[in-house]
Amino acid sequence: MCGFSGFFDTNASFLSKKAYFQTILRDMTKTLHHRGPDGNGSFLDDHCGMSHTRLSIIDPKKGAQPFLQAHYTLVYNGELYNTDFLRNMLIHCGCSFRTTCDTEVILQGLICFGTDFIRQLDGIFSFAFYDAKENKLVLSRDSFGVKPLFYALADDTLVFSSEIKGLFSFPGITPAVGKEGLQELFGLGPAHNPGHGIFQGVYEVLPGTFQVFTGSVCRVGTYWKLTSHEHEDDYETTIIKTRHLLLDAIERQMVSDVPICTFLSGGVDSSLVSAVCAAKLGRRQETLTTFSFDFTDNDKYFQSNRFQPSQDRPYVERMVSALGSEHHFLICDTNVQAELLESSVLAHDLPCMADVDSSLLYFCSQVAKTHKVVLTGECADEIFGGYPWFHGESFFVDGQFPWTPDLTPRLNVLSPELSNVLNLPDYVRASCRRACQEIDVLSSETETEQKRRRISYLNIRYFMQTLLNRMDRTSMYSSLEARVPFCDRSLTEYVFNVPWAMKARGGVVKNLLREASRGLLPDEILFRPKSPYPKTYHPAYEALLKERLRERITDPSSPLRPLLNAEYVSCFIDAVKDYGKPWYGQLMAGPQMLAYLLQIDFWLKHYRIRLEL
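Everything quoted here is computed from the prediction, not taken from an experiment. All residue numbers refer to positions counted from 1 along the written sequence of the respective chain. Where totals are concerned, whole chains, interfaces and linings use all residues; where local detail is concerned, this predicted model gives features only for residues with pLDDT of at least 70, and gives and counts side-chain atom pairs only at 80 or more. For side-chain calculations, the full set of non-hydrogen atoms in the structure is used, while hydrogens and water are omitted.

Visitor: Would you take a moment to explain the overall build of the protein for this structure?
Guide: Working definition: helices are DSSP H or I runs of at least four residues, strands are E runs of at least two. Numbering for both runs from the N terminus. Looking only at helices and strands, the protein has 23 helices and 19 strands in total. Rg of the C-alpha trace for the protein: 24 Å, near the compact-globule value of 25 Å for 613 residues, within the 12% margin. Each principal axis of the C-alpha atoms in the protein carries an extent, and together these give about 65 × 60 × 50 Å. Remark: exposure states derive from per-residue accessible area (1.4 Å probe, protein chains only) relative to the maximum for the residue type, with buried under 20%, exposed over 50%, and partly exposed in between. Expressed as a percentage of its 613 residues, the buried residues of the protein come to 63%. Pairs at least 24 residues apart make up 73% of the contacts formed inside the protein by residues separated by at least 6 positions. Using C-alpha atoms as the atom set, the radius of gyration is obtained and then compared with a globule rule of 2.2 Å times the number of residues to the power 0.38. Residues count as neighbours in contact if any of their non-hydrogen atoms are within 4.5 Å of one another.

And the structure:
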């Protein structure tokens, strides 16, 4: 994995101020150093500048970037899982290669076939491709947006970067947030509408698309999108095909010239990924390394609830025994978790999933001490319908994101004046309905089935994107490449159209995944009730958050203070927190609201954000 930034302007003459623009490229490189500490490079001509930081995974010696050939230049972040297939195809077309890296495959493919080649790419990626002869720049991103790519305009100059912070290295692009940014922050956050960067004038390339810039013209093309169609396979065939797609996705994503490891929670998702990896490595007489996460004194303070019914450790120990893996139990302490709330904002350039992010940031930093590549069980719940909101009629509400069934906690913390300006209920309803219109339902489906299809789409388009952002920023902050086998295009296309009666046959949550995994996992793991990413229940953590937020709302210099209903927030700080009533997803309950507000305060202050309402 890597990071890249750059700028493009057909009317510019960057070489006339070569030293000045080379300095900008160096500044951009520095902001993204955490994404690629193994090497860096830059490119500059009259109309385009590119900088790149590299994390060496494939062909460490020859894969340096920017990658140049004739008048073409490419900077790329990601991993292709069908590199060999594409390389052989291009060789048959007359191409020759000087490296074994996937970067050169993408460059050669774009030279030969143009943007039509992008639909052939199987992997996680974002890239910028510059054709100096045609004076053209192409930006593109993988099908699900696993890898990030943002852009903005500075007068007539297009500026792009793997992370938002890279954009702010270019003169004229400064942090400002308007009404819509605050609506996303308080109404949708930590999610956001696809394509939006919260900051005014900052956008992200949409998943499954490419953008071609020539002069003042930008052409947007869609090379992939999720579509609805009738499922024609019977139940037994569906299980067989799903199993094949699962195994294929996991094994393809093991490609690496450096050792891999897995995250292992003891749930069915991460256990399946770990089992497949362990079996393949075992055939090569190699041992898989696995990591699990927990928090100080969670065995003492854990509170079972409908979203988190059990602790992970007993299940992790059972899986380690079954796999024979080299396992490491990682424990995050209360103070570290609280201290890293600010670092999590820096990793995202935005407020994020509070301590769900800060703890994962810590765990990734520990894993990165010994490994560069990790496979995770992320995204299985979105694909296979594992979340509670797939299973209750109360969540089937038009104009309401199912993971945020009640806006009241968000509305209560805002000042009455800001609440009136933002009008969050209308904004959220409009966002949800607009997203639902993107997917076609089938006339043969009942009303309930159509609602479930829309919920499934919303989970993949919105909720999964939030988790993918979390995984990319927290891992890459420590130069760790995280891969998500469940976020596989062929697997998702197939399972998305499997009827709910098969996905949850007999009322069993994620039944299709469990049946497709029979024989790969012990039964006590295979049929374990869902338990999400762990979180701390330590009272000392909540006490820390209360103390810090109380300081913020009484500090006249706090940029957050004018946005809040100070009286309500003060009462909320002192109230007993309900850990089983999330305001976002399954994990973000009362303490996470405190942490989220602390992150917003730090974000506004650190980035010196100008509010424009």
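Visitor: It is not clear to me how empty space enclosed by the protein should be interpreted in this structure. Could you clarify?
Guide: To find leftover empty space, one rolls a probe the size of a water molecule over the atoms. Cavity and pocket criteria rest on a 1 Å grid covering protein atoms alone: a 1.4 Å probe that fits but cannot get out defines a cavity, protein on both sides within 12 Å along at least 5 of 7 lines defines an open pocket, and an atom within 4 Å of a point defines a lining residue. Grid points are joined across faces, edges and corners, and a volume is the space filled by probe spheres set on the points. Counted under the stated rule, the structure contains eight cavities of 30 Å³ or more. Here the largest cavity defines a volume of roughly 630 Å³. Those elements that provide at least two residues to the lining of the largest cavity are helix H7 (268-282), strand S15 (289-295), helix H11 (354-367), helix H12 (380-384) and helix H16 (447-476). No other element matches H16, which puts four residues into the lining of the largest cavity.

Visitor: Mind showing me how you'd approach the layout of surface pockets here?
Guide: In this structure, the largest pocket spans a volume of roughly 450 Å³. Taken together, 26 residues line the largest pocket, and the ones lying closest to its centre are Asp406, Pro409, Lys581, Pro582 and Trp583. Elements represented by at least two residues in the lining of the largest pocket include exactly helix H13 (408-413), helix H22 (566-574) and helix H23 (590-606). Per element, the largest residue contribution to the lining of the largest pocket is three residues, and it comes from H13. Roughly 340 Å³ of internal volume is contained in the second largest pocket. Tallying contributions element by element places H16 first for the lining of the second largest pocket, with four residues. In terms of residue class, the lining of the second largest pocket is built from seven nonpolar, four polar and three charged. Residue polarity follows a fixed list, in which Ala, Val, Leu, Ile, Met, Phe, Trp, Tyr, Cys and Pro are nonpolar, Asp, Glu, Lys and Arg are charged, and the others, Gly among them, are polar.

Visitor: I keep staring at the packing of aromatic side chains and nothing clicks. Help me out?
Guide: One pair of aromatic rings is described through two measures. These are the centre distance and the angle between the planes. By convention, a stacked pair of Phe, Tyr or Trp rings (six-membered ring in the case of Trp) has centres within 6.5 Å and planes under 30 degrees apart, an edge-to-face pair has planes over 60 apart, and any other such pair is tilted. Scanning the model with the defined rule gives 33 aromatic pairs in all. With 6.2 Å between their ring centres and 15° between their planes, tyrosine 568 and phenylalanine 572 make a pair best called stacked. Taken as a pair, tyrosine 568 and phenylalanine 572 lie in helix H22 at a separation of four residues, close to a single helical turn. Since its relative accessible area comes to 28%, tyrosine 568 is described here as partly exposed.

Visitor: Sorry, what's going on with the sheet that holds strand S2 (residues 39-44) here?
Guide: Backbone hydrogen bonds hold the strands of a sheet together, and the pairing may be parallel or antiparallel. Pairing between two strands is assigned when DSSP locates at least 2 bridges connecting them. On the basis of which strands lie adjacent, the open sheet formed by six strands has the order S2-S3-S1-S9-S8-S11 and antiparallel pairing. Whereas interior strands pair on both sides, the edge strands pair on one side only; in this sheet they are S2 and strand S11 (203-204).

Visitor: I keep staring at the sheet that holds strand S16 (residues 326-332) and nothing clicks. Help me out?
Guide: Strands sit in the order S16-S15-S14-S17-S18 across an open sheet of five strands; the sheet is parallel. Single-partner strands in this sheet number two, and they are S16 and strand S18 (481-483). Mean inter-strand twist for the sheet, computed between neighbouring axes without regard to direction, equals 30°. Note on definitions: angles span 0 to 180 degrees between N-to-C directions of axes, and those axes are lines fitted to C-alpha atoms, for helices only across the stretch in contact.

Visitor: Quick question: what am I supposed to make of the pairing of strand S3 (residues 48-54) here?
Guide: As a general feature of sheets, a regular strand has side chains that alternate between the two faces. Taken across its seven residues, S3 has seven buried, putting it largely inside the fold. Along S3, one buried face is formed by Cys48, Met50, His52 and Arg54 and the opposite face, lined by Gly49, Ser51 and Thr53, is buried too. With seven bridges joining them, strand S1 (residues 2-8) and S3 adopt antiparallel strand pairing. Within S3, the residue paired with phenylalanine 4 across the bridge is histidine 52. The sheet contact formed by S2 and S3 spans six bridges and is antiparallel. Looking across to S3, one finds that serine 42 is bridged to serine 51.

Visitor: Mind showing me how you'd approach the nonpolar core here?
Guide: It is characteristic of soluble globular proteins that their nonpolar side chains tend to be buried jointly. Put simply, a nonpolar core is a bunch of buried Ala, Val, Leu, Ile, Met, Phe, Trp, Tyr and Cys residues held in one set by side-chain atoms that sit within 4.5 Å of each other. Judged by nonpolar contacts, the single largest core of 105 residues is most densely connected at Phe7, Phe186, Phe263 and Trp603. With 10 residues, H23 is the single largest residue contributor to this core. Beyond its immediate stretch of four places on either side in the chain, phenylalanine 186 contacts Arg410, Leu414, Leu418, Leu422, Leu424, Leu563, Leu597 and Ile600.

Visitor: Is there a simple way to explain helix H1 (residues 18-31) in this structure?
Guide: Counting along an α-helix, one turn takes 3.6 residues, and residues three or four places apart therefore face a common direction. To estimate how far a helix should reach, multiply one less than its number of residues by 1.5 Å. Counted at 1.5 Å a residue, the expected span for H1 with its 14 residues is 20 Å, and the 20 Å between its end C-alpha atoms agrees. Every buried residue of H1 is listed here: Phe21, Ile24, Leu25, Met28 and Thr29. Buried residues in H1, looked at end-on, bunch into an arc of 140°, giving them a common side. Projecting away from the buried face of H1 at angles above 90 degrees are the exposed residues Ala19 and Lys30. When we speak of the arc, we mean the arc of directions from the helix axis to the C-beta atoms.

Visitor: I tried to follow the environment of isoleucine 383 on my own but got confused; where do I start?
Guide: The residue isoleucine 383 is located in helix H12 in this model. Isoleucine 383 sits 73 residues away from serine 456 along the chain, and the two C-alpha atoms are 7.3 Å apart. Once you skip the residues sitting within four places of it in the chain, isoleucine 383 turns out to touch Ile460, Met464, Phe486, Thr492, Val495 and Lys503.

Visitor: Quick question: what am I supposed to make of the pattern of salt bridges here?
Guide: Any two side chains of opposite charge can pair, on the condition that their charged atoms come close. A carboxyl oxygen of Asp or Glu within 4 Å of a side-chain nitrogen of Lys or Arg is what we treat as a salt bridge. Tallied over the entire structure, the rule returns 36 salt bridges. The partner of lysine 165 in a salt bridge is aspartate 349, with the nearest N and O atoms 3.1 Å apart. You can see lysine 165 sitting in helix H4 (residues 164-167) and its partner aspartate 349 sitting in the loop between helix H10 (334-348) and H11, a full 184 residues away along the chain. On the basis of relative accessibility, which here comes to 15%, the residue lysine 165 falls in the buried class. Using a relative accessible area of 1% as the deciding quantity, one classes aspartate 349 as buried. One salt bridge connects glutamate 251 with arginine 283, and the closest N-O pair in it is separated by 3.5 Å. Of this pair, glutamate 251 sits in helix H6 (residues 235-252) while arginine 283 sits in the loop between H7 and S15, placing them 32 residues apart in sequence.

Visitor: Hey, could you run me through helix H3 (residues 102-113) in this one?
Guide: With 12 residues, H3 should reach 16 Å at 1.5 Å per residue; the first-to-last C-alpha distance of 16 Å fits that figure. Burial of H3 is extensive: nine of the 12 residues sit out of reach of the surface. Among all positions in H3, only Asp102, Thr103, Glu104, Val105, Ile106, Leu107, Gln108, Gly109 and Leu110 are buried. As for H3, its buried residues are in contact with strand S4 (67-69), strand S5 (72-80), helix H2 (83-92) and strand S6 (123-131). Glycine 114 sits one or two residues past H3 and shows a positive phi near 70°.

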